[in-house]
Amino acid sequence: KTASDVFQGGIEAATQVMARLEGKHREEGSPAQRSYYASWLYKAMLQREFAGVAEERDRKTVADMARETFEELILAVGEETLLGQRSWFEMAKLGEVLGNQEDAFRDYESTIETIRTSLDSEELELPEDIRELMINLMQEAYDRATDTLFALGRIDDVLALCTRFREELKKLGGEEN
């Protein structure tokens, strides 16, 4: 089997799980809902990775399909939720898959801003465990953003972004991992 076959099989399996759980996933917090949304996220991630191994002529089409799947999931769960933000972050990796570091960097910056907005929101009243997971996700986004800047040869920007992250972490009361 080729990598494409494996990714396509995974995409089909995730689609089948979602179909099986259709209707049952509407009960808030239920195992069916968690499995449904996890399958949706895995489907989008597999589509993204499939874009990376697709024939050159098909790569953008497959990446667009992945972006659409991510966007639909984000709209369904809300961009302010942890799952919405994880989806946003995973979608940002499309730029790297397509070899466009500038796009990837901009998307990671958007991910960081989305997470920061949720963390700063008093309306959301985020539980401490969710705040901690969001801070960890923000750290992942900063890490990928610095990787893209490094790949672009923008070393001074890498250092500035690292400084900004440290300041952000202090402000949020988190710890550096």
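Here, the structure is the one placed above.
Summary of the structure given here. (Residues numbered from 1 in each chain as written. Predicted model: local features only at pLDDT ≥ 70, side-chain atom pairs only at ≥ 80, totals over all residues. Heavy atoms only, no water.)

## A closer look at helix 7 (residues 128-151)
As a reminder of what qualifies: Counting from the N terminus, the helices are DSSP H or I runs at least four residues long and the strands are E runs at least two residues long. To estimate the expected span of a helix, subtract one from its residue number and multiply by 1.5 Å. In what follows, a contact means two residues having at least one pair of non-hydrogen atoms within 4.5 Å.
Taking 1.5 Å of rise per residue, 24 residues should cover 34 Å, and helix 7 covers 35 Å from first to last C-alpha, within 8% of that figure. Contacts from the buried residues of helix 7 go to helix 4 (82-92), helix 5 (94-97), helix 6 (101-120) and helix 8 (155-172). With its phi angle positive at about 80°, glycine 153 sits one or two positions after the end of helix 7.

## Side note on the packing of aromatic side chains
Two measures describe an aromatic ring pair: the distance that separates the ring centres and the angle between the ring planes. Selection criterion: Note on aromatic contacts: the rings of Phe and Tyr and the six-membered ring of Trp form a pair at centre separations within 6.5 Å, being stacked when their planes are under 30 degrees apart, edge-to-face when over 60 apart, and tilted otherwise. Burial here depends on accessible area, computed with a 1.4 Å probe over protein chains only, as a share of the maximum for the residue type. Under 20% is buried, over 50% is exposed, and the range in between is partly exposed.
Within this structure, the stated rule accounts for 5 aromatic pairs. On the basis of an interplanar angle of 20° and a centroid distance of 6.1 Å, the ring pair of tyrosine 37 and tryptophan 40 is categorised as stacked. With a gap of 3 residues between them, tyrosine 37 and tryptophan 40 both fall in helix 2 (residues 31-53), about one helical turn apart. One exposure class covers both tyrosine 37 and tryptophan 40, and it is buried. A ring pair is formed by tyrosine 142 and phenylalanine 165, whose centres lie 4.9 Å apart and whose planes are at 55°; its orientation type is tilted.

## Details of helix 4
All of the buried residues in helix 4 are Gly84, Gln85, Ser87, Phe89, Glu90, Met91 and Ala92. Looking at the buried residues of helix 4, the elements they touch are helix 2, helix 3 (56-77), helix 5, helix 6 and helix 7.

## Considering the pattern of salt bridges
Put simply, the rule is: Here a salt bridge means any side-chain nitrogen of Lys or Arg lying within 4 Å of a carboxyl oxygen belonging to Asp or Glu.
Taken as a whole and assessed by the stated rule, the structure comprises 17 salt bridges. For arginine 116, the salt bridge identified is with glutamate 113, shortest N-O distance 2.4 Å. In this pair, arginine 116 and glutamate 113 are both assigned in helix 6, 3 residues apart and thus about one turn of the helix distant. Arginine 116 sits in the buried class, given a relative accessible area of 13%. Judged by its relative accessible area of 41%, glutamate 113 is partly exposed.

These figures capture arrangement, not role.
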